[in-house]
Amino acid sequence: MTTGFESRVAHYTARVEDVMDSVLPPATQAPKQLHDAMRYAVFNGGKRVRPLLVYAAGECLGVREDRLDAPAAAIEFIHAFSLVHDDLPAMDDDDIRRGKPTLHRQFDEATAILAADALQPLAFGVLADAHDVAAATRSRLVKVVADAAGSMGMTGGQSMDLAAEGQSLAAEEIEHMYSLKTGALIHAAVVAPTIVADDLGADRASAIEAFGHTIGIAFQIRDDILDVEGETEVIGKRSGADQRLGKATYPGLVGIDEARARCDSLLRSAIEQLDDFGEDAEPLRWLARFIVERGN
Ligand code: GRG
C-alpha cells in the first residue's frame, strides 16, 4: 500500500543525513581517524527508522519538519553509538553490520569505543543547539533522550540482555527487556514530536506514547525473527547469532510461528492506539507495518 509517506521516506532520509553530516566533524579534521570512524558508524547504511518515526509522528501532530531535525539526528546518533558498542567483542562480538565490517573490524577496538563515546555527547549537543525550539522544550528533549538511552532505558535493557544469555526468561520478562533495549529509543522517537508540538492534549500524547511502546517491542521481535530466518546477505549481519550466543529471545521461547503471531497482534494494537488521529496518523501506520514486515 502507499500512503504518500512512502514517497517522503527518501526526502526525510536525505534530510536527517544532511543534518547529521553538517554536525559531524569532517574526516579531515584532527583527530582524523576518530572522525572518520564516527562517520563510518553513522553513514555505513541504516534504514533510519527512528528519524522516520520522528518525522512521521511530527506529520501526525502538525509539527514543522525543521523543528524535528534535532531530535531526529540526535536519536540516530544514539542508535549508531549503541550498534557500535553492541558489536564489540565484550558484547555480541559481531564482525558484520549493515553488510559491512563492524567498526572495530574496520578500524580497531579502541577507535570503535572512542567513536561511540563521541557520538553520544554529539547527540546531546545537537539537542542543546536546536535554536528554533524554545529552551524549555530543548531541555525536555534532552531529558527524554537521556532517559531512553540510560540505565532504565536502552543501556539497562542491554544489560538485561547480556545477563540473560544462557538463561530462560518468561515471555513477559523478554518483552520487558525488549521494551528497554530496543523500545526505549523508538518510544523516544515518537514522543519527541509530542514535546515539540504546541498545545497537545494529554490524551493524544498518551496515545502516541502507547503506540511507541507497542511498536518498539514488535520491532525487536521482528529483529529476532530475521535473525532466525534471514540470510546474512539480506539482513546485513550474521544470521543465527542469537542462538549461538544463547540469547533469551521471543522466538527462542515460543517458536517462530507464535513470535510472528505476537508481532501481528502488537501491530494491530499499535494501529488501534492511533485511532483518534484519523488520516493524520497514516505515516505512523505505514511505518508500523514496515517495521513488522521488513526484510532487514
Ligand atoms: C548507547 C547509551 C548506550 C549504551 C550502549 C550497546 C547498548 C548500550 C545497547 C544496544 C541496544 C541494541 C543494539 C539493541 C538492538 C536494537 C536493534 C534491533 C537494532 C537494529 O536496528 P535497525 O534495524 O538498524 O534500525 P539499522 O542498521 O537499520 O540502523
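About the thresholds
- Residues numbered from 1 in each chain as written.
- Predicted model: local features only at pLDDT ≥ 70, side-chain atom pairs only at ≥ 80, totals over all residues.
- Heavy atoms only, no water.
- Core = buried A, V, L, I, M, F, W, Y, C linked by side-chain atoms within 4.5 Å.
- Buried < 20%, exposed > 50% of the residue type's maximum accessible area, 1.4 Å probe, protein only.
- Contact = heavy atoms within 4.5 Å.
- 1 Å grid on protein atoms, 1.4 Å probe; cavity = no way out; pocket = protein on both sides within 12 Å on 5 of 7 lines; lining within 4 Å.
- Points joined across faces, edges and corners; volume = space filled by probe spheres on them.
- Helix = DSSP H or I, 4+ residues; strand = E, 2+ residues; numbered from the N terminus.
- Near = heavy atom within 4 Å.
- Polar contact = N/O pair within 3.5 Å; in protein donor to acceptor, adjacent residues only side chain to side chain.
- Areas by Shrake-Rupley, 256 points an atom, 1.4 Å probe, with all protein chains shown as cover.
- Sits in = over half its atoms within 2 Å of the grid points.
- Nonpolar A, V, L, I, M, F, W, Y, C, P; charged D, E, K, R; others polar.
- Phe/Tyr/Trp six-rings, centres within 6.5 Å; stacked < 30°, edge-to-face > 60°.

Draft legend 1. The nonpolar core, seen in detail. Ranked by size, the top nonpolar core spans 97 residues in total, and within it Leu53, Leu119 and Leu284 carry the most contacts. When neighbours within four sequence positions are excluded, Leu119 is seen to be in contact with Leu24, Met38, Ala41, Val42, Phe77, Ala80 and Phe81.

Draft legend 2. Region of interest: empty space enclosed by the protein. Counted according to the given criterion, the structure contains one cavity of 30 Å³ or more. By volume, the largest cavity is sized at about 80 Å³. In terms of lining, the largest cavity is formed by Tyr40, Ala41, Asn44, Ala80, Leu83, Val84, Asp87, Arg97, Arg98, Thr102 and Leu103. Put simply, the parts of the chain that give the lining of the largest cavity at least two residues each are helix H2 (32-43) and helix H4 (69-87).

Draft legend 3. Examining the site of the ligand more closely. Residues in close proximity to the ligand total 21 residues, the closest being Lys47, Arg50, His79, Arg98 and Met154. Between the ligand and the protein, one listed contact pairs an oxygen atom with a side-chain N or O atom of Lys47 at 2.5 Å. Alone, the ligand offers 750 Å² of accessible surface; in the complex the protein occludes 93% of this. Under a 2 Å grid-point criterion requiring more than half of the atoms, the pocket assigned to the ligand is the largest pocket. Elements that contribute at least two residues to the shell around the ligand include exactly H4, helix H8 (154-163) and helix H11 (202-229). Top element by residues in the shell around the ligand is H4. It accounts for six residues. Of the residues that constitute the shell around the ligand, the class distribution is five nonpolar, nine polar and seven charged.

Draft legend 4. Region of interest: the packing of aromatic side chains. Scanning the entire structure with this criterion turns up five aromatic pairs. Measuring from centroid to centroid gives 5.9 Å for Phe5 and Trp286, while their planes differ by 55 degrees, and the two rings are tilted. Of this pair, Phe5 sits in helix H1 (residues 5-23) while Trp286 sits in helix H16 (residues 282-293), placing them 281 residues apart in sequence. Here Phe5 matches Trp286 in class, with each residue buried. Taken together through their ring pairs, the aromatic side chains of Phe5, Tyr12, Tyr55, Trp286 and Phe290 make up a single cluster.

Draft legend 5. Region of interest: the layout of surface pockets. When its volume is computed, the largest pocket comes out at roughly 1,000 Å³. If you trace the largest pocket, you find 49 residues lining it, with His79, Leu83, Asp86, Arg97 and Lys237 closest to the centre. Residue assignment for the lining of the largest pocket shows that the elements contributing at least two residues are helix H3 (49-61), H4, H8, helix H9 (171-181), H11, helix H12 (232-235) and helix H13 (241-244). A breakdown of the residues in the lining of the largest pocket according to their chemical character gives 16 nonpolar, 14 polar and 19 charged. In this structure, the second largest pocket spans a volume of roughly 180 Å³. At three residues, H11 tops the list of elements feeding residues into the lining of the second largest pocket.

Draft legend 6. Up close: H9. Of all the 11 residues making up H9, eight are buried; the element is thus mostly covered by neighbouring parts of the structure. Every buried residue of H9 is accounted for by Ala171, Ile174, Glu175, Met177, Tyr178, Ser179, Leu180 and Lys181. Considering only its buried residues, H9 is in contact with H8, helix H10 (183-196), H11, helix H14 (250-254) and helix H15 (256-272).

Draft legend 7. The environment of Val54, seen in detail. Here Val54 shows up in helix H3. Looking at Val54, the relative accessible area reads 0%, which means it is buried. A C-alpha to C-alpha distance of 23 Å links Val54 and Ala118, two positions 64 residues apart in sequence. Setting aside its immediate chain neighbours within four residues, Val54 contacts Leu68, Pro71, Ala72, Ile75, Ala189 and Pro193.

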